[in-house]
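An overview of the molecular structure
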Amino acid sequence: MSKNFQHLLSTAVPIAIENIDTDQIIPARFLKATTRDGFGENLFRDWRFDANNQPKADFILNNPIYQGQMLVAGKNFGCGSSREHAAWAIADYGFKVVVSSFFADIFKNNALNNFILPVQVTDEFLDKIFVAIEKDPNAQFEVDMEKQSLRILSTGDEFKFDINPYKKACLINGYDDIDYLLSLRKEIETYEGSREFNF
């Protein structure tokens, strides 16, 4: 799967719940694995399945009407413990964008480090997204990384989001921290070659 992110046109999965913490995103009992694979099957595990491991019909991820690579959540998403596994689970499930009106800082950084774009919008724009999905579960949303914009296609409403320029460059190019440094190798070598060392 490609890590670089430039543009996304997708439907969305709405979870209109505030203060979703990392233990709800991925319960602690699933944190024993050391690789990032397989966490998606346990995303929101206790909300998705009952005690007999049967899907709960009333949970949004078990409703085939709602699909897409964008997760829309209530305010204060990713609070609680700092587990990076929460970002792993979201990415492994197939989400590329998470939208909320507020993110916990550690989750936000973990998401960006795992090539997930956390788009923080105002409470008012978040409500517009939920309304658009309620009217039409197949409503389309467009995320443009270069323009730093999120647009509701059915209404034309658009929001310009903030992102750290360094993280933006990493997402557009699919770079992790090491890749980014390697991309600057020529510039670094030129700079080092121009320096005078006095010992």
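Going by the structure above, here's the rest.
As a convention, each chain's residues are numbered from 1 in the sequence order in which they are written. In view of the model being predicted, local features appear only for residues whose pLDDT reaches at least 70, and side-chain atom pairs are presented and counted only at 80 or more, with totals across whole chains, interfaces and linings using the full set of residues. As a rule here, side-chain values come from all non-hydrogen atoms in the structure, and water together with hydrogens is ignored.

1. As for the packing of aromatic side chains
- Here is the rule: rings of Phe, Tyr and Trp (six-membered ring for Trp) pair when centre to centre is within 6.5 Å. Planes less than 30 degrees apart are stacked, more than 60 are edge-to-face, and the remainder are tilted. Counting across every chain of the model gives nine aromatic pairs.
- Between the aromatic rings of Phe 77 and Phe 107, the centroid separation amounts to 5.2 Å while the plane-to-plane angle is 80 degrees, which identifies the pairing as edge-to-face. Placement of the pair is Phe 77 in the loop between strand 3 (70–73) and helix 3 (85–93) and Phe 107 in helix 4 (residues 105–113), with a sequence separation of 30 residues. Across this residue pair, the class does not change: Phe 77 and Phe 107 are buried.
- Put simply, the rings of Phe 44, Trp 47 and Phe 59 pair up and form one aromatic cluster. By definition, any uninterrupted DSSP run of H or I lasting at least four residues is a helix, any uninterrupted run of E lasting at least two residues is a strand, and each is numbered from the N terminus. When accessible area is computed with a 1.4 Å probe and restricted to protein chains, residues below 20% of their type maximum are described as buried, those above 50% as exposed, and intermediate ones as partly exposed.

2. A short note on helix 3
- Within helix 3 the residues assigned to the buried category are His 85, Ala 86, Ala 87, Trp 88, Ala 89 and Ile 90.
- Contacts between residues were defined by any pair of non-hydrogen atoms, one from each residue, lying within 4.5 Å. For helix 3, the elements touching its buried residues are helix 1 (22–25), strand 4 (97–100) and helix 4.
- The positive-phi residue at the C-terminal boundary of helix 3 is Gly 94, with phi of around 120 degrees.

3. Here's the deal with the pattern of salt bridges
- A pair is scored as a salt bridge if a Lys or Arg side-chain nitrogen falls within 4 Å of a carboxyl oxygen belonging to Asp or Glu. The final tally for this structure, using the stated rule, is four salt bridges.
- For Asp 23, the salt bridge goes to Arg 83, with nearest N and O atoms at 3.0 Å. Of this pair, Asp 23 sits in helix 1 while Arg 83 sits in the loop between strand 3 and helix 3; the two residues are 60 residues apart in sequence, bridging distant segments of the chain.
- Taking relative accessible area as the criterion, Arg 83 reaches 16% and is therefore assigned buried.
- Across the pair Asp 157 and Lys 128 runs a salt bridge, and its minimum N-O distance is 3.7 Å.

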